[in-house]
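Working through the structure, step by step
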Amino acid sequence: MRGLLVVDVQNDFCEGGALGVDGGERVANAISKFVDEHRSDYAVIVASRDWHDADNDNGGHFAAEGEAPNFVTTWPPHCVAGTHGAEYHPKLTLPEDTIHLKKGQGVPSYSLFEGHTDDDRTAKEVLASAGVTDVDVVGIATDHCVRASALDATKAGFTVRVFNHLVAAVSAQTEQTARAEMAEAGVTFADH
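Residues numbered from 1 in each chain as written. Predicted model: local features only at pLDDT ≥ 70, side-chain atom pairs only at ≥ 80, totals over all residues. Heavy atoms only, no water.

**A look at the packing of aromatic side chains**
Following the criterion strictly, the structure yields 4 aromatic pairs and no others. The interplanar angle of 40° and the centroid separation of 6.2 Å between the aromatic rings of F113 and F158 together place this pair among those described as tilted. In this pair, F113 is assigned in the loop between strand 3 (99-103) and helix 2 (123-129) and F158 in the loop between helix 3 (142-155) and strand 5 (159-168), connecting sequence segments 45 residues apart. No difference in accessibility class separates F113 from F158, as the two residues are buried. Aromatic rings pair up to connect F34, Y42 and F163 into one cluster. The cationic tip of R49 hangs over the ring face of Y88; the distance from NZ or CZ to the ring centre is 4.5 Å. (Phe/Tyr/Trp six-rings, centres within 6.5 Å; stacked < 30°, edge-to-face > 60°. Helix = DSSP H or I, 4+ residues; strand = E, 2+ residues; numbered from the N terminus. Buried < 20%, exposed > 50% of the residue type's maximum accessible area, 1.4 Å probe, protein only. Lys NZ or Arg CZ within 6 Å of the ring centre and 35° of its normal.)

Right under this line is the structure:
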């Protein structure tokens with residue numbers, strides 16, 4: 001059985017957002033079209049969102065006030081719970097039975113596997129209950145949260161594929177490094 005993991009297709013990670021990635025809106029559109037055409041291929045669809053606390057630095061994830069973020073371990077405020085930036089991009093359309101996870105609630109978080117449903121289930125639990133053995137990973141950003149999610153999926157024992165046309169990266173250089181790391185871990189890449 002196959003599952004689809006939709007990683008962080010949120011306003012703050014698309015053009016015009018706090019950490020906007022070129023191609024974010026294109027990816028939101030493309031994922032929606034893909035899901036519409038391929039829903040029957042998947043036992044379950046799991047979508048994650050960063051959902052950071054507004055009243056703290058989320059375990060040092062947000063740069064301290066007055067300090068510049070280093071864009072490696074510290075970031076400008078983004079995807080704050082309940083804000084427009086934390087919402088899915090309006091061009092992303094997911095089926096009603098999609099399982100939604102929130103991650104980064106008070107702590108640094110990159111991987112979809114660090115998230116929880118509102119009833120406190122993990123991605124691994126959701127996928128296992130659906131009998132999933134293989135996952136396809138799509139979303140934003142290839143070199144950060146997609147990378148972390150794909151690597152965690154392989155560590156959890158899933159066979160992992162990333163769709164090239166359904167991801168967007170922060171930069172070509174960091175994307176190349178991330179793709180090499182994923183490939184080394186056994187992730188495959190496909191043009192569907």
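That was the structure; now back to the text.
**Examining the sheet that holds strand 2 (residues 44-50)**
Read from one edge to the other, the open sheet built from 6 strands follows the order 3-2-1-4-5-6, with strand pairing classed as parallel. Across the chains shown, the open sheet's two edge strands, defined by having one partner strand only, are strand 3 and strand 6 (188-190). In this sheet, neighbouring strand axes are inclined to one another by 25° on average, regardless of whether the strands run parallel or antiparallel. Relative to strand 3, strand 2 runs parallel, the two sharing 5 bridges. The partner of S48 across the bridge, within strand 3, is L101. Packing of helix 1 (residues 24-38) onto the sheet brings it into contact with strand 1 (2-7), strand 2, strand 4 (134-140) and strand 5, and relative to strand 5 it is tilted by some 125°. (Pairing = 2+ DSSP bridges. Axes fitted to C-alpha atoms, helices over the stretch in contact; angles between N-to-C directions. Contact = heavy atoms within 4.5 Å.)

**So, the pattern of salt bridges**
Counting across every chain of the model gives 13 salt bridges. K91 is the partner of E25 in a salt bridge, and the nearest nitrogen-oxygen pair spans 2.8 Å. Of the two residues, E25 sits in helix 1 while K91 sits in the loop between strand 2 and strand 3, which places them 66 residues apart along the sequence. By relative accessible area, E25 is classed as partly exposed at 32%. Judged by its relative accessible area of 36%, K91 falls in the partly exposed class. Ionic pairing is found between R121 and D119, a salt bridge with its closest N-O pair at 3.2 Å. (Salt bridge = Lys/Arg side-chain N within 4 Å of Asp/Glu carboxyl O.)

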